[in-house]
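Overview (structure and organization)
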Amino acid sequence: MSERAEPVLEIVDLSVEYRSQTGDVRAVDHVSLSLSPGEVVGLAGESGSGKSTLAYGACRLLRPPAVITGGRVTYRGRRLEGRSVDVLDRSPDELRELRWREIAIVFQSAMNALNPVLRVRDQLLDVVEAHLTMSKNDARERVASLLDLVAIPRDRLRSYPHELSGGMRQRVMIAMALAVDPEVVIMDEPTTALDVVVQREILAQVVELKQSLGFAVLFITHDLSLLIELADRIAVMYAGRLVEVASSPAVHHGPAHPYTQGLLNSFPSLRGPRRELAGIPGSPPDLRSLPPGCPFVPRCAHSRDECAEVDMALRAVPEAADPDHVSACPFVSGRSAERGGPAHGVSEVAS
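For clarity, every value in this text was computed on a predicted model and none was experimentally measured. For every chain, the first residue of the written sequence is number 1, and numbering continues from 1 along that sequence. The model is predicted, so local features are restricted to residues of pLDDT at least 70 and side-chain atom pairs to those at 80 or more, both for listing and for counting; the totals for chains, interfaces and linings are taken over all residues. To get the side-chain values, all heavy atoms of the structure are used, and hydrogens and water are removed first.

1. Some words on the overall build of the chain
Strands are runs of DSSP state E lasting at least 2 residues, helices are runs of H or I lasting at least 4, and numbering of each runs from the N terminus. When its secondary structure is counted, the chain shows 10 helices and 12 strands. Based on the C-alpha atoms only, the size of the chain along its principal axes is roughly 65 × 50 × 45 Å. In this description, contact between two residues means that some pair of their heavy atoms is separated by no more than 4.5 Å. Counting contacts in the chain only where the partners sit at least 6 residues apart, residues at least 24 apart contribute 68% of the total. Total accessible area on the chain is roughly 16,500 Å²; 49% of this is exposed by carbon and sulfur atoms. Positive charge is attributed to Lys and Arg, negative charge to Asp and Glu, and no charge count is given to His or to the chain ends. By convention, charge coordinates are those of NZ in Lys, CZ in Arg, CG in Asp, or CD in Glu. Measuring between centres, the 38 positive side-chain charges of the chain sit 4 Å from its 46 negative side-chain charges. Residue exposure ignores everything except the shown protein chains as possible cover, and the areas themselves are Shrake-Rupley values with a 1.4 Å probe.

2. Considering the sheet that holds strand β1 (residues 9-18)
Paired strands, in this sense, are two strands between which DSSP finds at least two bridges. With respect to topology, 4 strands assemble into an open sheet ordered β2-β1-β4-β5, the strand pairing being antiparallel. Strands at the two margins of the open sheet, each flanked by one partner only, are β2 (25-35) and β5 (85-86).

3. Some words on the domain arrangement of the chain
Interface size is often expressed as the accessible area that is lost when the parts come together. In this document the domain limits rely on a domain assignment from an automatic tool or a database. Parsing the chain into structural domains produces domain 1 (9-235) and domain 2 (245-327). Its C-alpha centre places domain 1 at a distance of 27 Å from the equivalent point of domain 2. Contacts between the two partners involve 18 residues from domain 1, matched on the other side by 15 residues from domain 2. By the criterion of area lost to domain 2, the three top residues of domain 1 are Glu46, Leu224 and Ile228, representing 37% of everything that side buries. The term salt bridge refers to a pairing of a side-chain nitrogen on Lys or Arg with a carboxyl oxygen on Asp or Glu at a separation within 4 Å. Applying the counting rule to domain 1 against domain 2 returns 1 salt bridge. With a shortest N-O distance of 2.9 Å, Arg299 and Glu46 are connected by a salt bridge. Here a polar contact is recorded for every N or O atom pair within 3.5 Å, except that within protein the pair must consist of a potential hydrogen donor and a potential acceptor, and residues adjacent in sequence are included only if both atoms are side-chain atoms. Taken together, the connections running from domain 1 to domain 2 amount to 6 residue pairs in polar contact (both at pLDDT 80 or more). For the side of domain 1 that touches domain 2, the secondary-structure elements that each account for two or more residues are β2, α8 (224-230) and β9 (233-238). Sort the elements by how many residues they give to the side of domain 1 that touches domain 2 and α8 lands first, with 4 residues. Taken together, the residues of the side of domain 1 that touches domain 2 break down into 8 nonpolar, 5 polar and 5 charged. Throughout, buried area stands for the accessible area (probe radius 1.4 Å) lost by two parts on being put together, summed over both. When residues are grouped by polarity, Ala, Val, Leu, Ile, Met, Phe, Trp, Tyr, Cys and Pro land in nonpolar, Asp, Glu, Lys and Arg in charged, and all others, Gly among them, in polar.

4. Considering the sheet that holds strand β7 (residues 184-188)
The strand order β6-β7-β8-β3-β9-β10-β12-β11 describes an open sheet built from 8 strands, whose pairing is mixed. Across the chains shown, the open sheet's two edge strands, defined by having one partner strand only, are β6 (103-106) and β11 (315-316). Of the pairings in the sheet, the one linking β9 to strand β10 (residues 241-247) comprises 6 bridges and is antiparallel in character. Bridged to Arg233 within β10 is Ser247. To get an axis, fit a line to the C-alpha atoms, keeping to the stretch in contact for a helix; angles then go from 0 to 180 degrees between the N-to-C directions. Docked against the sheet, helix α1 (residues 51-58) engages β3 (40-44), β6, β7, β8 (216-221) and β9, running at close to 145 degrees with respect to β8. Sheet strands touched by helix α6 (residues 166-177): β6 and β7. Its angle to β6, the strand with the most contacts, is close to 175 degrees.

5. Some remarks on the confidence of the model for the chain
Of all residues in the chain, 93% attain a pLDDT of 70 or more, and the chain-wide mean is 89. Under a pLDDT of 50 for its full length, residues 336-351 has, in the predicted model, 50 contacts with residues more than four places off or in other chains. Values of pLDDT, which run from 0 to 100, indicate the predictor's confidence residue by residue.

6. Comments concerning α6
Expected span of a helix, by definition, is 1.5 Å for each gap between consecutive residues, and there is one gap fewer than residues. Spanning 12 residues, α6 covers 17 Å between terminal C-alpha atoms, matching the ideal 16 Å at 1.5 Å per step. Only protein chains enter the area calculation, which uses a 1.4 Å probe; residues under 20% of their type maximum are buried, those over 50% are exposed, and those in between are partly exposed. Counting buried residues in α6 gives 10 out of 12 residues, a clear majority hidden from the surface. Residues of α6 that are buried include every one of Gly167, Arg169, Gln170, Arg171, Val172, Met173, Ile174, Ala175, Met176 and Ala177, and no others. Close packing links the buried residues of α6 with β6, α3 (110-113), α4 (120-131), α5 (136-149), β7 and α7 (196-213).

7. Section: α1
Most of α1 is tucked away: 7 of the 8 residues are buried. Every buried residue belonging to α1 is among Lys51, Thr53, Leu54, Ala55, Tyr56, Gly57 and Ala58, and all of these are buried. Positive phi appears at Arg60, one or two residues downstream of α1, with a value of about 60 degrees.

8. Notes on the packing of aromatic side chains
When the centres of two rings from Phe, Tyr and Trp lie within 6.5 Å, Trp using its six-membered ring, the rings pair. Their planes under 30 degrees apart give stacked, over 60 give edge-to-face, and anything left gives tilted. Per the counting criterion, the structure on display carries 5 aromatic pairs. Judged by centre distance (5.2 Å) and plane angle (85 degrees), the ring pair of Tyr238 and Phe296 falls under edge-to-face. One end of the pair, Tyr238, is in strand β9; the other, Phe296, is in the loop between α10 (258-264) and β11, and 58 residues separate them in sequence. Summarising the burial analysis for this pair, Tyr238 and Phe296 share the class buried. A connected cluster of aromatic rings, assembled from ring pairs, spans Tyr56, Trp100 and Phe107.

9. Examining the side chain of Ser15
Its location among the elements puts Ser15 in strand β1. By relative accessible area, Ser15 is classed as buried at 2%. Those residues within four positions of Ser15 in sequence are excluded, and the remaining contacts are Arg26, Val28, Asp29, His30, Val67, Ile68, Thr69 and Gly70.

What follows is the structure, given as C-alpha cells:
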C-alpha cells in the first residue's frame, strides 16, 4: 500500500438504517472511507446508493427515522494540534463548534438550503459571527471578500436568494462553506440542475479554491465523468456499500468492478472512435430485501453462481497500477473485463 498523510476525516465501518413499519432499510452498510489533507475524494453511484446518507451520517446531520447503528468517524484538523475528535460522540454544542468551522457542506439544492427571507449578506454574516470573534466592520468586510472569492459582484450582498441565478446561488453556498476556513468541505452534487456551461465554471472554481486554500473535498455525484477530471481518488457506492476505491486514473483506465465499468460506459466520449453506449440494465435493489452475496448480481453481465456467496469485502486488485486499488468483486478485474473502450471525461476542469 502506498503511504498517504494521516486522514483529516476517517470514516470506519459506518452503518446507517432508516426505520419504517415495513422494515428497516440499511442505507449505509459497514462503509469505511478516509480523506487526507488537501485531497479530493469523489463518491459516485446512482441515486439511492447511500452517498448523501454516508456524508450526512458522518457529520451527524441525519434526522429520524435515520439511525446510526455502528461505526466511528474521526476528525483530525490542524487546529486541533495533534488531537482527534470522535464526531459520533460529540454533544450538540460540540458539534456546533465542529460544523462549518472544521467541516462544511455545500448542499445539493442551494434554493432549499438558503433562507428565502434573508439577504445573502445576513446569511453569510450569521456563519462568520457564529464561529469567529471580530468587529462588525471586519465581519462585513470578510463577507464581502467571500463574494470576491467566488466571483460574485459585491452589490449582490443585498439580494435575496430568489433574485440570483442558479449558478450564483450555488456560488453563495460555496462562499458560505468557506466562510470560516474549514479543513473539509463536503459537496453534495453541487452542480445538479445547472447547465453544462455553469457546471464547468463552478467546477473550475472549486479546483482553483481548493488549490489556493488547501482544504480537502468529499465530492458526491452520480456523474463519474466529472470525478475522473476532478478527484484524486474515487469511491464507487452501490446499495449502501463501497464496491470499488482507487485513484482517478485507475478507475478511468482499469475499473475492476462491473458496476464501475457500467457507469463508465454509460456516457459518451469526446474523443476517439464512435462507440455504442451501454447502460446498466435493471434498477438498484430494494434495500429491505437484498439478495445474498453481491447485490449487483441481477444487473451484472459477469455474474456466476459463486457471486451469491461473496462477502463484499474490499480486496486488493491483482496487478493493478494503483497499489491502493480495491474492489468488492473477486472474479472480474480491469484486465479481464471487456469494456467498450476507455471513456473520456466530459468536463475536463482540471486539464
